[in-house]
Amino acid sequence: METRRALLVDAFTAEPFTGNAAGVVPDATDLSDNQAQAIAAELGVSETAFLSEPTDPEADRRIRYFTPTQEVDLCGHATVASHAHLFEAGTIEAGSHHLETNVGVLPIEVTDDGVVRMTQSTPTVEPVEVTYDRIGEAIGVDPAALADVGADLPSARASTGVPFLMVPVNFLERLLEATPSMASVEALTDELDVAGVFAFTFDTVAADATIHARAWVPGVGVPEDPVTGTASGACGAYLHRQAAFDGDPPAEIVVEQGHALDRPGRVHVRVRDAETDAATASVSVAGRAVQALDGEIVVPEPDDDDILEA
């Protein structure tokens, strides 16, 4: 019976059992898509990262991400979790690395104390045509709480590799009380061609946080994601593009998330040139990660010849 090493690593936190748990399979060599999907479903966390040798000569390693139901092109917290594990294990050193993903080769930086920073794809921010009534009904928030801030910060489709619907909410209480209908959220995200809804407020739990957020991604099998790196990066680009800050924007946006699920975590977002030159804009997200489980998982019998290298 073949087994592979599999870990659960909590990302965007330094405390076990908080933040966002990612599965990590350090050696996914010769696993088929179906085998990887079965392993991701068994681990049962929002995303599992499968690492293998790169196919691009510019990259140091290849990564693919699977939710319990399907593959996704990019995942911030699983990237942070994977590189934090590799650094802790001594497989990689602090410094610059290049990661081959389905959206291209992305730069990764690891600091001497284990903080992982991931540069995401070139950001895009686009207007959407959807009413506050429609959004409010889907996520279970009074539409007035959305319209209250919508004049200055309209809902938009933002992406740094994975598109999300950005939904500003006026107060933390309204956001924490949200009671989304997953069927309605999925219908809305399908219609707008986004992966999920990222709702946020400037009303935060911690005084040093910039925004508090929640993310619902039922279309890929994740009803609510505790702490979302790709959406946090996209939100950073959105906030800069919308000139959301009085005066100069902060050098770093701190996103707190996960409190509604009792898994608080933090994403540190940096945005460069988002307002002055969209073509050269870049977004990076950073955080810590801590290992929660290390073991072996059985590899299911293959039922096709599709190897995790394509």
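These numbers come from a predicted model, not from an experiment.

Participant: How would you explain the packing of aromatic side chains if you had to name every residue and give the values?
Facilitator: With the rule as written, the count across this model stands at 5 aromatic pairs. On the numbers, 6.3 Å between centres and 85 degrees between planes, the contact of Phe 202 with Phe 245 is edge-to-face. Here Phe 202 is found in the loop between strand E12 (196-201) and strand E13 (211-217), whereas its partner Phe 245 is found in the loop between helix H7 (229-241) and strand E15 (253-257), with 43 residues between them in sequence. Using a relative accessible area of 38% as the deciding quantity, one classes Phe 202 as partly exposed. Assessed through its relative accessible area of 17%, Phe 245 is described here as buried. Within the aromatic cluster, the residues linked to one another by ring pairs are Phe 198, Phe 200, Phe 202, Tyr 238 and Phe 245.

Participant: Can you break down unusual backbone geometry residue by residue, with the values?
Facilitator: The phi angle at Asp 30 is positive, at roughly 70 degrees, despite the residue not being glycine. Classification of Asp 30 as partly exposed rests on a relative accessible area of 47%. If you check the backbone angles, Ala 243 has positive phi at about 50 degrees while not being a glycine. Tracing the chain through its elements places Ala 243 in the loop between H7 and E15.

Participant: Before we move on, could you go through the packing of helix H3 (residues 132-139) against helix H6 (residues 182-192) and cite the residues and values that matter?
Facilitator: The interhelical angle for the contact between H3 and H6, taken along N-to-C directions, is 140 degrees, at an axis separation of 8 Å. In terms of their interaxial angle, H3 and H6 are classed as oblique. Between H3 and H6 lies a crossing whose hand is left-handed. Here Arg 134, Ile 135, Ala 138 and Ile 139 of H3 come into contact with H6, specifically with Ser 184, Val 185, Ala 187, Leu 188 and Glu 191. For the contact of H3 with H6, the class distribution of residues is 6 nonpolar, 1 polar and 2 charged.

Participant: Quick rundown of the pairing of E12? Include the residues and the values.
Facilitator: Burial runs high along E12: 6 of the 6 residues are buried. The side-chain alternation of E12 yields two buried faces, one formed by Gly 196, Phe 198 and Phe 200 and the other by Val 197, Ala 199 and Thr 201. Sheet topology places strand E11 (residues 163-168) next to E12; 5 bridges connect them, and they run parallel. If you follow Pro 168 over to E12, its bridge partner there is Phe 200. Across 5 bridges, E12 lies against E13 in antiparallel orientation. By the bridge assignment, Phe 198 is partnered in E13 with Ala 215.

Definitions and limits used
Residues numbered from 1 in each chain as written. Predicted model: local features only at pLDDT ≥ 70, side-chain atom pairs only at ≥ 80, totals over all residues. Heavy atoms only, no water. Phe/Tyr/Trp six-rings, centres within 6.5 Å; stacked < 30°, edge-to-face > 60°. Helix = DSSP H or I, 4+ residues; strand = E, 2+ residues; numbered from the N terminus. Buried < 20%, exposed > 50% of the residue type's maximum accessible area, 1.4 Å probe, protein only. Axes fitted to C-alpha atoms, helices over the stretch in contact; angles between N-to-C directions. Parallel < 35°, antiparallel > 145°, perpendicular 65-115°, else oblique. Left-handed = near helix turned anticlockwise from the far one by under 90°. Contact = heavy atoms within 4.5 Å. Nonpolar A, V, L, I, M, F, W, Y, C, P; charged D, E, K, R; others polar. Pairing = 2+ DSSP bridges.

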